[in-house]
Amino acid sequence: MIERLQTLEDRYEKLNELLSDPEIISDTNKLREYSKEQSGLQETVTAYREYKEVTEQLDDAKAMLDDKMDADMVEMVKEEIHELSTRKQDLEERLKVLMLPKDPNDDKNVIMEVRGAAGGDEAALFAGDLYRMYARYAETQGWKTEVIEANASDVGGYKEIIFMVSGNMAYSKLKFENGAHRVQRVPETESGGRIHTSTATVVVMPEAEEVEVELHDKDIRVDTFASSGPGGQSVNTTMSAVRLTHEPTGTVVSCQDEKSQIKNKEKAMKVLRARVYDKFQQEAQAEYDENRKSAVGTGDRSERIRTYNFPQTRVTDHRIGLTLQKLDQILQGNMDEIIDALLIEEQTKKMEQIGE
């Protein structure tokens, strides 16, 4: 592992040189590529440098015990050795995690799709709750949220909402949200006070760059139409709404959020590219899963992953058996405790696979 870490540090130093090269600075693509690679190495290299420093201090402290010194000094050095040994061990464990195989999509922006599923109006209201939860969580992370397409329900909430979350390592944390989310609560319209169960589905896709998914104009049918609001009424007399159909895969994307047809087409293309990329990834994952059980967060999207129980103010993530009595806080976007637990589970499974 030390040899691999040293190789990464050497590469990090080389990237520093390259990013100062005028030739690279003038090449936008190479500058972006090298900056991204350097950013991906930074945390590991920083931890490795600290590990080397602590190891050197530990060796020096141990060497001191060979010299003649009084009892108080011996006790002081032994205490320092204990502290440095603990730090070294912690850094070793951290480096093991940092050296685990990384999901190549982890540092990407994401496109999320939240849809009301079973439960009619209540499902649409729950979809709205989930969207606001993700938007607030994104805010706590310093990420930006942009709505691409929203199909509002007459009673509030959304039949469907598609939005992009842009920010550092967005996919690495939000990828665990893929799947069916269940809510148990008494609807405001329910006079009998009975608890209803409704569901909403969440799809999380990494934003795909043009170099990753090549979409040819000849394969995409473009239709334009007048945008509409809740209930189907026309809200725009111009043909600003856009529908894109990728004929080889049958993937269809509509966008009417902007008043400009050009902007709607740009947004729709982002979603189309992400969906096609995601389709290829899902197919590859299914093939992989035939031979090996998938890691948490990459399973079947129809699987119920989490329950939000209002009467008991409880949230349960069924994949890892985690239950928190913090429903209000989580819906306000305080999702770190759940996401951190899912990250640890993913890392544990990766370490188990490496050990097999």
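Sequence positions are assigned chain by chain, starting from 1 and proceeding in written order. Only residues with pLDDT of at least 70 are given local features in this predicted model, and only at 80 or more are side-chain atom pairs given and counted; all residues enter the totals for whole chains, interfaces and linings. As a convention, hydrogens and water are excluded, and side-chain values are obtained from all of the structure's heavy atoms.

Naming follows an unreviewed UniProt entry, where the protein appears as Peptide chain release factor 1 of Halobacillus aidingensis. UniProt positions are given in the numbering used here, feature names are shortened, and annotations may be inferred rather than shown by experiment. Note on the protein: under the UniProt heading Function (unreviewed entry), the record states "Peptide chain release factor 1 directs the termination of translation in response to the peptide chain termination codons UAG and UAA." Of the protein, the UniProt comment under Subcellular location (unreviewed entry) reads exactly: "Cytoplasm".

## Thoughts on the sheet that holds strand 2 (residues 144-152)
Strands pair in a sheet through their backbones, by hydrogen bonds, and they do so in one of two ways: parallel or antiparallel. By the convention used here, strands pair only if DSSP detects at least 2 bridges between them. Helix and strand definitions here come from DSSP, where helices need a minimum of 4 consecutive H or I residues and strands a minimum of 2 consecutive E residues; each element is numbered from the N-terminal end. Spatial strand order, 2-3-1-5-4-9-10-11: eight strands in an open sheet with mixed pairing. In the strand order of this sheet, the two ends are held by strand 2 and strand 11 (322-324), each with one partner. Mean inter-strand twist for the sheet, computed between neighbouring axes without regard to direction, equals 15 degrees. Sheet topology note: the strand 4 (residues 179-185)/strand 5 (residues 196-206) ladder contains seven bridges and is antiparallel. Residue Arg185 lies in a different strand from strand 5, and its bridge partner there is His196. Helix 5 (residues 121-140) rests against strand 1 (110-116), strand 2, strand 3 (158-166), strand 4, strand 5 and strand 9 (304-309) of the sheet, and its axis sits at about 45 degrees to strand 5. Axes, fitted as lines to C-alpha atoms, cover a helix only where it is in contact. Angles between the N-to-C directions of the axes lie from 0 to 180 degrees. Any pair of residues with heavy atoms lying within 4.5 Å of one another is described as a contacting pair.

## Focus on the sheet that holds strand 7 (residues 241-246)
A sheet is described by the order of its strands in space; here three strands give the open sequence 6-7-8, paired in antiparallel fashion. Strands with a single pairing partner mark the edges of an open sheet, and in this sheet they are strand 6 (220-225) and strand 8 (251-255). Averaged over all adjacent pairs, the angle separating strand axes in this sheet is 15 degrees, with direction ignored. Where strand 7 meets strand 8, five bridges bridge the pair, whose relative direction is antiparallel. By the bridge assignment for strand 8, Thr245 is matched with Val252.

## Structural notes on the nonpolar core
The criterion is simple. A nonpolar core is a set of buried Ala, Val, Leu, Ile, Met, Phe, Trp, Tyr and Cys residues joined through side-chain atoms within 4.5 Å. Classification of residues uses two cut-offs on accessible area relative to the type maximum, computed with a 1.4 Å probe and protein chains only: under 20% is buried, over 50% is exposed, and between them is partly exposed. Membership of the largest hydrophobic core comes to 35 residues, with the highest contact counts inside it found for Met112, Leu130, Tyr134, Val165, Leu174 and Tyr308. Listed by contribution, the elements that provide at least two residues to this core are strand 1, helix 5, strand 3, helix 6 (170-174), strand 5, helix 8 (327-331) and helix 9 (336-355). Sort the elements by how many residues they give to this core and helix 5 lands first, with eight residues. When residues no more than four places from it in sequence are discounted, the contact partners of Tyr134 are Met112, Val114, Phe163, Leu174, Glu177, His181, Val202 and Met335. Counting residues in hydrophobic clusters, the runner-up holds 18 residues, among them Ile220, Val253, Val271 and Leu272.

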